[in-house]
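Examination of the molecular architecture
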Amino acid sequence: MGSRMREYLPRIYDPLLKKRVRAKGAVLVEGAKWCGKTTTCERLAESAIYLQDPSTKAQNIRLAEIAPLELLRGATPRLIDEWQLAPQLWDAVRFEVDHREEFGQFILTGSAVPPDPKKMSHTGTGRIARMKMRPMSLYESGDSTGVVSLSALFAGEQVPIARSECSLEHMAFLLCRGGWPRAVGLDDESALLQAPDYLDGVINSDVSRVDEKERNPRVARALLRSYARFSASQGKVTEMLADVNAQGVQASESTVRDYIRALEQIFVLEDLLAWNPNLRSKTAVRTAPTRHFVDPSIAAAALALGPGDLMADLNTFGLLFETMCLRDLRVYADALGGEVYHYRDRSGLEADAVIHLHNGAYGLVEVKLGGESLVDEGAKSLLSLRNKIDASTTGSPSFLMVLTAVGDYSYYREDGVFVVPLAVLGA
């Protein structure tokens, strides 16, 4: 279904989607524009309707209002692409799933959360499964060997000695290129144009179209630039507001919050929630989320930075590299049925990522660009956190890992910490 000129690169989400479709009447696949949702879903669908098709858009949205079941006729699974353009279809899909009493009927894709949930009379619980899809990890784009498997580490295996060929310069390129399927395989110059184009689309169109509320592109651009500056931190909205105003753009706190909410609804921003384990001491855990984009290339584009700029500013490179690692870890955790969090407490102790599986197993990760002193620093932090966690209630971590941008090999330190270059990590 749905031919493509370019070769399809297999996604970690392919088998996950198949499982969901087999086990539910309908599956909703949500995620940022350009992350590959439609292409992945087309491969499983037997028929499709594209609500964004300009030649039929008005007619289909009208049909959704007066005769929605007409749009649902077709071979199953039937793909309904960008369903949120006609929110009435949600109840129609739920009704048809109940009526047909068969699994695998519909696949819905959405690049935005519907603006008016009042148009949906039912949540879809039990009938419609949800699956979030993210931009490509390095393993999916062919830029990581995947020799170090996250699932193997959770199974108690020791990290293999895997060679990494990725230089810091190339990692800077991969960060700016992003995990957009359309950018993978292009020549370097063309590949680096994709994220700025994506950013322009968000600023000039998508941030307003999500709920048909007119928003100022200058405010959106200034806010995204500010958000990028606060990447991998627990930056407050008031701090972002001051930064936006310092750029010569006047906005209020309520405006900044409104724009952030809209950017979350179109899956551009994806903050990392805090993990709150049982601790031996009474250390206060910071519960504010860590600021992140769904893909680091958006942050780089918002700051107008290319690979050379990152090489000249390793501090910013390190912060955006953390967002890159979070993107990949979230994809790999999705494959394992897990979630990713962060940990920070008042004493300054932290773990940039806590991968938590549904069976209670968890792994602690610190992100560093590389270099022996930084790796030592990351390992020390992880060991201190492990010793602070009350293992009798939370359990011991399955592994401690320092994830790096560079390094010739993955290896196992004498203190038990794994050191793994991102370009050898996989699900």
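Residues numbered from 1 in each chain as written. Predicted model: local features only at pLDDT ≥ 70, side-chain atom pairs only at ≥ 80, totals over all residues. Heavy atoms only, no water.

Our next topic: the overall build of the protein chain. Check the secondary structure of the protein chain and you find 17 helices and 13 strands. Taken over C-alpha atoms, the radius of gyration comes to 22 Å for the protein chain, in line with the 22 Å a tight globule of 427 residues would show. Projected onto its principal axes, the C-alpha positions of the protein chain cover 65 × 50 × 50 Å. For the protein chain, the residues scored as buried account for 55% of the 427 residues in total. Sequence-distant contacts, at least 24 apart, represent 73% of the contacts inside the protein chain between residues at least 6 apart. (Helix = DSSP H or I, 4+ residues; strand = E, 2+ residues; numbered from the N terminus. Rg over C-alpha atoms; globule rule 2.2 N^0.38 Å. Buried < 20%, exposed > 50% of the residue type's maximum accessible area, 1.4 Å probe, protein only. Contact = heavy atoms within 4.5 Å.)

A few words now on the nonpolar core. Counting residues in hydrophobic clusters, the biggest one holds 102 residues, and the most contacted among them are Met171, Leu224, Val268, Phe321, Ile355 and Leu403. For this core, the leading source of residues is helix α15 (residues 314-335), giving 10 residues. Residue contacts for isoleucine 355: discarding those within four places in its chain leaves Leu150, Phe154, Leu329, Ala333, Glu339, Val340, Ala361, Tyr362, Gly363, Val365 and Phe399. Residues Trp275, Val354, Leu383 and Ile389 belong to the second largest nonpolar core, which totals 19 residues. (Core = buried A, V, L, I, M, F, W, Y, C linked by side-chain atoms within 4.5 Å.)

Take the pattern of salt bridges next. Per the stated rule, a full pass over the model turns up 32 salt bridges. The residue aspartate 271 makes a salt bridge to arginine 291 at a minimum N-O spacing of 2.9 Å. In this pair, aspartate 271 sits in the loop between α12 (253-265) and α13 (296-302) while arginine 291 sits in the loop between α12 and α13, placing the two residues 20 residues apart along the sequence. Since its relative accessible area comes to 10%, arginine 291 is described here as buried. One salt bridge in this structure joins aspartate 295 and arginine 327, with 3.0 Å as the shortest N-O distance. Residue aspartate 295 is located in the loop between α12 and α13, and its partner arginine 327 is located in helix α15; the two are separated by 32 residues in the primary sequence. You'll find aspartate 295 and arginine 327 in the same group, each marked buried. (Salt bridge = Lys/Arg side-chain N within 4 Å of Asp/Glu carboxyl O.)

For the rest of this paragraph, the subject is the packing of helix α10 (residues 217-229) against helix α11 (residues 237-246). For the pair α10 and α11, the least separation of the axes is 9 Å and the interaxial angle reads 125°. Taken together, the axis directions place α10 and α11 in an arrangement best described as oblique. Judged by the twist between their axes, the crossing of α10 over α11 is right-handed. Between α10 and α11, the residues in contact are Ala222, Leu223, Ser226, Tyr227 and Arg229 and Met240, Asp243 and Val244, respectively. Residue composition of the contact of α10 with α11, grouped by class: 5 nonpolar, 1 polar and 2 charged. (Axes fitted to C-alpha atoms, helices over the stretch in contact; angles between N-to-C directions. Parallel < 35°, antiparallel > 145°, perpendicular 65-115°, else oblique. Left-handed = near helix turned anticlockwise from the far one by under 90°. Nonpolar A, V, L, I, M, F, W, Y, C, P; charged D, E, K, R; others polar.)

Below, the discussion takes up empty space enclosed by the protein. Going through the model one piece at a time under the given rule, you end up with 1 cavity of 30 Å³ or more. In this model, the largest cavity occupies a volume close to 40 Å³. Residues that form the lining of the largest cavity fall into these classes: 3 nonpolar, 2 polar and 4 charged. (1 Å grid on protein atoms, 1.4 Å probe; cavity = no way out; pocket = protein on both sides within 12 Å on 5 of 7 lines; lining within 4 Å. Points joined across faces, edges and corners; volume = space filled by probe spheres on them.)

What follows deals with the environment of leucine 320. With respect to the helices, strands and loops of the structure, leucine 320 is situated in helix α15. In this structure leucine 320 comes out as buried when scored by relative accessible area, which is 0%. Taking the C-alpha atoms as reference points, leucine 320 and alanine 172, separated by 148 residues in sequence, lie 9.6 Å from one another. Among all residues touching leucine 320, those that are not within four sequence positions of it are Leu175, Ala228, Ser231, Pro296, Ala299, Ala300 and Leu310.

Further remarks concern the pairing of strand β12 (residues 418-421). Because side chains alternate across β12, one face comprises the buried residues Phe418 and Val420, and the other comprises Val419 and Pro421, equally buried. Direction of pairing for strand β10 (residues 399-404) relative to β12: parallel, over a ladder of 4 bridges. Across the sheet, leucine 403 pairs through a bridge with valine 420, a residue of β12. In the sheet, strand β11 (residues 411-412) pairs with β12 via 2 bridges, with the strands oriented antiparallel. (Pairing = 2+ DSSP bridges.)

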